[in-house]
Amino acid sequence: MEFYIDTAEIEAIKKYWDMGVIDGVTTNPTLIARSGRVFSEVVAEIAEVVKGPISVEAVSETAEELIEESKKLAEYGEHIVIKIPMTEAGLKATKELSKLGIKTNVTLVFSASQALLAAKAGATYVSIFVGRLDDKGHEGMDVVWETSQIFQNFDMDSKIITASIRHPRHVIDAAKAGSHVATVPPAILDKMTAHPLTDDGLARFAADWAKVKA
Ligand code: G3P
């Protein structure tokens with residue numbers, strides 16, 4: 001399973017890249033805005049650090065505009081993946097970008113039927129937003145399970161990204177469901193790393209070592 005970090009914060013990206021636990025990065029306009037920096041600078045800096053897929057979002061409305069915007073975004077580097085909205089225009093753009101060899105991440109997917117259409121259109125990745133479904137009282141992970149089964153049934157090329165992750169249990173459930181990727185915010189990666197019993201164990205070893213060292 002691959003992990004992407006869901007942030008535009010360069011320090012967090014460096015931290016987890018250096019730990020060897022992330023394979024790529026996903027951003028969106030909200031995350032870039034939260035970094036308080038200009039898009040072009042942020043993406044160039046991320047590309048300096050991360051030698052794996054870096055998703056950046058195309059925000060145009062029509063298929064033609066999405067294709068043109070995506071071609072420009074793809075020039076940021078060999079690892080750039082274009083996030084395309086799950087709309088009729090987005091599917092048309094996905095098909096054309098796939099023919100051009102530009103990788104796509106069809107985003108804002110909330111049902112297995114949307115995921116299936118995105119895969120048919122040639123999406124490299126489909127991003128299922130589990131947290132936002134949970135927020136509305138649905139079971140977001142059910143969509144990951146269904147999509148995973150469908151993609152396996154037909155040996156489809158698209159990879160599932162479980163996105164909108166709210167807690168470490170989402171990551172484990174995504175892994176069990178066969179999601180190829182989980183994109184995880186830094187705060188959740190922090191929670192996945194730490195455990196109070198690890199801290200207790202270290203404190204106990206340190207105290208005992210102080211008694212016996214020469
Ligand atoms: O990057 C897309 C997705 O992970 C955003 O999640 O927390 O805004 O629902 P969230």
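This text goes with the structure placed above it.
Going along each chain's sequence as written, the residues are numbered from 1 onward. Local features are withheld for residues below a pLDDT of 70 in this predicted model, meaning they are given only at 70 or higher, and side-chain atom pairs are given and counted only at 80 or more; totals for whole chains, interfaces and linings count all residues. Computation of side-chain values: all heavy atoms of the structure, hydrogens and water removed.

Peer 1: When you look at the packing of aromatic side chains in this model, what are you seeing that I'm missing?
Peer 2: The relative placement of two aromatic rings is captured by the distance of their centres and the angle of their planes. Each Phe, Tyr or Trp ring (for Trp, its six-membered ring) is paired with any other whose centre lies within 6.5 Å, and the angle between the two planes then decides the class: stacked below 30 degrees, edge-to-face above 60, tilted in between. By the definition in use, this model includes 3 aromatic pairs. A ring pair is formed by Phe39 and Tyr76, whose centres lie 5.7 Å apart and whose planes are at 90°; its orientation type is edge-to-face. Of the two residues, Phe39 sits in helix H3 (residues 39-49) while Tyr76 sits in the loop between helix H4 (63-74) and strand E4 (80-85), which places them 37 residues apart along the sequence. Owing to a relative accessible area of 26%, Phe39 belongs among the partly exposed residues under this scheme. Categorising residues by exposure relies on relative accessible area from a 1.4 Å probe, with only protein chains included: less than 20% of the type maximum marks a residue as buried, more than 50% marks it as exposed, and the intermediate range marks it as partly exposed. The class of Tyr76 is partly exposed, set by a relative accessible area of 30%. Ring centres of Phe110 and Phe129 lie 5.7 Å apart, and the angle between their planes is 65°; this geometry places the pair in the edge-to-face category. One end of the pair, Phe110, is in the loop between strand E5 (104-109) and helix H6 (112-121); the other, Phe129, is in strand E6 (residues 125-129), and 19 residues separate them in sequence. The exposure class of Phe110 is partly exposed, given its relative accessible area of 28%. The helix count covers DSSP runs of H or I at least four residues long, the strand count covers runs of E at least two residues long, and both are numbered beginning at the N terminus.

Peer 1: Looking at this model, I keep getting lost on the side chain of Ser164. Mind explaining?
Peer 2: Summarising the element assignment, Ser164 is placed in the loop between strand E7 (159-163) and helix H9 (168-176). Not counting the four nearest positions on each side in its chain, Ser164 is found in contact with Phe129, Val130, Gly131, Arg132 and His170. Working rule for contacts: check all heavy atoms of both residues, and any pair within 4.5 Å makes them a contact.

Peer 1: Quick question: what am I supposed to make of the environment of Thr87 here?
Peer 2: Inspection of the secondary structure assignment puts Thr87 in the loop between E4 and helix H5 (88-99). Measuring from C-alpha to C-alpha, the distance between Thr87 and Arg34 comes to 25 Å, with 53 residues separating the pair along the chain. Engagement of the side chain of Thr87 in a polar contact is seen with the backbone nitrogen of Gly90, the distance being 2.9 Å. In the analysis that follows, any N or O atom pair within 3.5 Å is treated as a polar contact, provided that within protein one partner can donate a hydrogen and the other can accept it, and provided that, for residues neighboring in sequence, both atoms belong to side chains.

Peer 1: Explain the pattern of salt bridges to me, please; I cannot follow it from the model alone.
Peer 2: Between side chains of opposite charge, a pair can form when the charged atoms approach closely. A pair is scored as a salt bridge if a Lys or Arg side-chain nitrogen falls within 4 Å of a carboxyl oxygen belonging to Asp or Glu. Counting across every chain of the model gives 11 salt bridges. Among the ionic pairs, Asp190 bridges to Lys15, the shortest N-O distance being 3.1 Å. Note that Asp190 is positioned in helix H10 (residues 186-193) and Lys15 in helix H1 (residues 10-18), a separation of 175 residues in sequence. In this structure, Lys71 and Glu68 form a salt bridge, with 3.3 Å as the shortest nitrogen-oxygen distance.

Peer 1: Please clarify how the nonpolar core should be interpreted in this entry.
Peer 2: Generally speaking, a soluble globular protein has its nonpolar side chains buried in company with each other. Nonpolar cores were defined as sets of buried Ala, Val, Leu, Ile, Met, Phe, Trp, Tyr and Cys residues, with membership established by side-chain atoms within 4.5 Å. Formed by 56 residues in total, the largest nonpolar core has its most connected members in Ile5, Ile46, Ile82 and Val184. Look past the residues within four positions of Ile5 in its chain and what remains in contact with it is Ala12, Ile13, Tyr16, Ile22, Gly24, Val25, Thr26, Thr183, Val184, Pro186 and Leu189. By size, the runner-up hydrophobic cluster in this structure holds 5 residues, among which are Tyr4, Tyr125, Ile161 and Val181.

Peer 1: I tried to follow the sheet that holds strand E2 (residues 24-26) on my own but got confused; where do I start?
Peer 2: Hydrogen bonds between backbone groups are what pair the strands of a sheet, and the pairing can be parallel or antiparallel. A pair of strands is considered paired only if DSSP assigns at least 2 bridges between the two. Here 8 strands make up a closed barrel; going around it, the order is E1-E2-E3-E4-E5-E6-E7-E8 and the pairing parallel. Between one strand axis and the next, the sheet turns through 30° on average, direction left out of account. Of the strand pairs in this sheet, E6 and E7 are connected by 5 bridges, and their pairing is parallel. Bridge pairing links Ser127 to Ile161 in E7. Of the strands in this sheet, strand E3 (54-57) and E4 touch H4, which is tilted by about 160° from E4. Angular values range over 0 to 180 degrees, each being the angle between N-to-C directions of two axes fitted as lines to C-alpha atoms, with helices fitted over their stretch in contact.

Peer 1: Whenever I open this one, the side chain of Thr104 confuses me. Can you help?
Peer 2: Checked against the element boundaries, Thr104 lands in strand E5. With residues near it in sequence (within four places) discarded, Thr104 still touches Val81, Ile82, Ile84, Thr94, Leu97, Gly122, Ala123, Thr124 and Tyr125.

Peer 1: When you look at the site of the ligand in this model, what are you seeing that I'm missing?
Peer 2: All residues adjacent to the ligand are Asp6, Asn28, Lys83, Phe129, Arg132, Ala163, Ser164 and Arg166. One of the side-chain nitrogen or oxygen atoms of Lys83 is found 3.4 Å away from an oxygen atom of the ligand. Between the ligand and Arg166 there is a distance of 2.7 Å, counted from an oxygen atom to a side-chain nitrogen or oxygen. Using a 1.4 Å probe, the Shrake-Rupley method yields the accessible areas, and only the shown protein chains count as cover for residues. Its free accessible area being 310 Å², the ligand has 82% of it covered by the protein chains. Here the residues of the shell around the ligand sort into 2 nonpolar, 2 polar and 4 charged. A cutoff of 4 Å decides nearness: a residue is near a molecule or strand if any of its heavy atoms lies inside that distance of it. Residues were grouped as follows: Ala, Val, Leu, Ile, Met, Phe, Trp, Tyr, Cys and Pro as nonpolar; Asp, Glu, Lys and Arg as charged; and all remaining residues, including Gly, as polar.

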